[in-house]
Structure formats: structure tokens, C-alpha cells
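The residues making up each chain are set out below.
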Amino acid sequence: MKDTFGQSISITLAGESHGFGIVAILSGMAPGIPVDEDFIAAQLTKRRPSGAISTSRQEADEFEILSGVFGGFTTGTAIAILIPNKNTISKDYSELASTARPGHADYSAQCKYHGFQDYRGGGHFSGRITAGIVAAGAICLSALEKKGIKIGTHIAECAGIRDRKFKNTEEDIDSLNEKLFAVLDDESGKKMEEAILAAKSEGDSVGGILETAVAGVPAGIGEPYFDSIESRLAHMLFSIPAVKGVEFGSGFDMAKMRGSEANDSFFVDENGKISTKTNHNGGINGGISNGCDITFRCAIKPTPSVSKEQETVDFIKNENKNLSIKGRHDPAIIHRARVVADSAAAIVLCDILAQRYGTDWLR
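Presented here is a report on the structure given in the accompanying data block. No experiment lies behind these values; they were computed from the predicted model shown. (Residues numbered from 1 in each chain as written. Predicted model: local features only at pLDDT ≥ 70, side-chain atom pairs only at ≥ 80, totals over all residues. Heavy atoms only, no water.)

What about the packing of helix α1 (residues 37-47) against helix α8 (residues 334-357)?
One way to put it is that α1 packs onto α8 with a least axis distance of 7 Å and a crossing angle of 145 degrees. When α1 is examined against α8, the residues Gln 43, Lys 46 and Arg 47 are found in contact with a partner set consisting of His 335, Arg 336, Arg 338, Val 339 and Val 340. Split into classes, the residues belonging to the contact of α1 with α8 amount to 2 nonpolar, 2 polar and 4 charged. (Axes fitted to C-alpha atoms, helices over the stretch in contact; angles between N-to-C directions. Helix = DSSP H or I, 4+ residues; strand = E, 2+ residues; numbered from the N terminus. Contact = heavy atoms within 4.5 Å. Nonpolar A, V, L, I, M, F, W, Y, C, P; charged D, E, K, R; others polar.)

Some words on a nonpolar patch on the surface
A contiguous nonpolar surface patch, about 330 Å² in accessible area, is contributed by Phe 266, Val 268 and Ile 274. In this fold, Val 268 is placed in strand β12 (residues 266-268). Judged by relative accessible area, which is 55%, Val 268 ranks as exposed. (Patch = residues over 30% accessible without salt bridge, like charges linked within 9 Å, V, L, I, M, F, W, Y side chains within 5 Å. Areas by Shrake-Rupley, 256 points an atom, 1.4 Å probe, with all protein chains shown as cover. Salt bridge = Lys/Arg side-chain N within 4 Å of Asp/Glu carboxyl O. Buried < 20%, exposed > 50% of the residue type's maximum accessible area, 1.4 Å probe, protein only.)

What to know about the nonpolar core
If you look at the biggest cluster of nonpolar residues, it comprises 77 residues, and the most contacted ones within it are Met 29, Ile 40, Leu 144, Leu 233 and Phe 296. A per-element tally of this core places α8 first, with 15 residues. Setting aside its immediate chain neighbours within four residues, Leu 233 contacts Phe 248, Ile 294, Phe 296, Ala 345 and Val 348. (Core = buried A, V, L, I, M, F, W, Y, C linked by side-chain atoms within 4.5 Å.)

Focus: the layout of surface pockets
Roughly 860 Å³ of internal volume is contained in the second largest pocket. For the second largest pocket, the lining is made up of 33 residues, of which Lys 165, Phe 166, Glu 211, Asn 279 and Thr 295 are closest to its centre. If you list the elements that add at least two residues to the lining of the second largest pocket, you get β8 (150-158), α4 (169-176), β10 (208-215), β13 (274-276) and β16 (294-300). In terms of residues, the lining of the second largest pocket owes the most to one element, β10, which gives 4 residues. Tallied by class, the residues present in the lining of the second largest pocket amount to 9 nonpolar, 11 polar and 13 charged. (1 Å grid on protein atoms, 1.4 Å probe; cavity = no way out; pocket = protein on both sides within 12 Å on 5 of 7 lines; lining within 4 Å. Points joined across faces, edges and corners; volume = space filled by probe spheres on them.)

Following this line, the structure appears as C-alpha cells:
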């Protein structure tokens, strides 16, 4: 199993949904970078369940930094973070040891790990593991912001209801980072929450689209081909369990355009900075940043755990069966996933920037 991502700066994840806890190890951060534990806690709060639109499983996500930080600063050695699991009800999963829940990894895990996998709560495949990405990502987000780079994600669409687009990117990012339900238009947010509750009342779930903007990335970072910014970000973003699609800039809509429309015309602004009049390419040309906002969108699938009866199989007895999933589940996870997208992007960008300028550049 490959549980480490990154080159100059890397993250390693360990743990299971109902195991002792989640562990994240962030390696390669330069010494002397401030670590704000209050900020890490605030970021984990954004990922935690909130109200009727989320699961009733409540984890405090009280974390402990085991190494790599002393006196509020990174030491330059590996940063190990432990997030204990405290609110587990494993009996909810006792009947699922041999049942393939539709949309889950139960059957594929059985094929790969031959029955030795921890099936409780989805085990290592659970979205619970993303708490480690958020904790480690908080350190990276802080380091980037001190270098003038800001990252923010909003719920661009949920249950067919759309939020407005980014306008003033930095102001919008600041606004989003103060919200638990990250939308740019609060009225759209209310309609989304109503749609989530409607799906819940029917024993069902909904998905949506997250849109992320990164402001302040200097031009000239990234590589062509295999280590392009798109390649590296997509690799990490597809590691978020619910992500089923990633596009940059105008993405698939560019297929409907002519070249003259899809091309971003360059100009020199009043401050002498080279920029583009549009941003269909999402701030990236040839796999390398061009100095404009980096933008991307992630398709988040509906939560696969629903209480409606579904057809499936018992893969031990090799027979068909029907299933109504019990337990504590989210009718939507998109509002919790947005901070995971922020954190994942921050880890990738710290790694790319460290490769370009050296790890001390982040200090």
C-alpha cells in the first residue's frame, strides 16, 4: 500500500476509521516555520460534522503533535500528528464483514487484502482518514499565507443548486475561510442545505462540485509533462475518497470553445505585471504557473451510505442479497470536503515550491 505522497515535502497517512486513531507525518518542512495549533484546530472543525446535514458521529479531533515542533516552530524533522478516534460504534458494521456496500470499497478491498482489511467504518478507505490531510495541510496553509499565497474553496454546486463564481479572489477566499458552510452567496447556501435535508428525509444523499482558487502563486513553478502542476494536484485531489472528477480553469467547457475564445490574451497591467484578460487555463500553461490565479474544480459524489434498500452481494457466500445500511452517515459530505481540498492543494504547492526554490523558501 502506498501511503506517502510528495517529493521535497511529503505526507504519510496511517490509521482506520474505527482504529486507535489517525496519524499524519509531514516530512521536509524547513526549520523555523511557525505552527499555530489553534489554526490546526480551527481547520479540523471545518471538516467535522455540523448539524443535521452531517453524520451524528461526533469526534472532537483533539490532536497531539508528537514530533517535529518545538516552542511553536518546526524543527526541520518529521512532524508527526496523532488524532485519536473516540466515538466509534463498531457493532453497526458487524453484519457488513462480507457485504459489498454499493459505492464503497468493501469488495475491491476484499479482492486486494484477502479478508485481512479492517472493514469497520470503511477502515483505511474511510473519509475519516482525511483528518490527517487537514491537520498537516494547516501547517502548509499557514506557511503559504506568510509567503502571500492564499487558498480557498467554495461549494460551486450541490444538489443542482449553484453558488456564484469567484469575483475578487483574495476577498472571496478570506470570506470563505471564515465559514463552516463555504458558499459565496448565502442564499444559495440555504437552498443547498434544504436540499441536503430533503435527501436525508428520503434516506438518500447528494453530491456536488467544489471550486478552488489559489491566489499569489509566482509564475514559473511546475514542470511540463509528468510533474505538471495539473498532474501533481490531480494526483493528490483524486486521493480524497469522494472525488470522481477534476478539471482546471474552464476544464471540459473548453471543448465547446474555439481557440480564439479559449486562449487567454496577455497584457501588461498598470503596475507593469504581465497578466491575462481571461483565465480559461486556470493559471497554468504547459504545466507551469503563469502568475494568474490557479483554479480547479472537483466533482464530489453523493455519500454512498444510504438507508434506501439496495441490491448487492455477500462476497463470502457468493450470493445475492438486499441491503439497507444502518449507522451514522452523512446525507452530503461536500461541505466537509472543501477544507480537505484546501489542505491537499497546500501540501502539493509547498512541495512544488520547495523543489523550485528550496525548502528554506517557505520559512
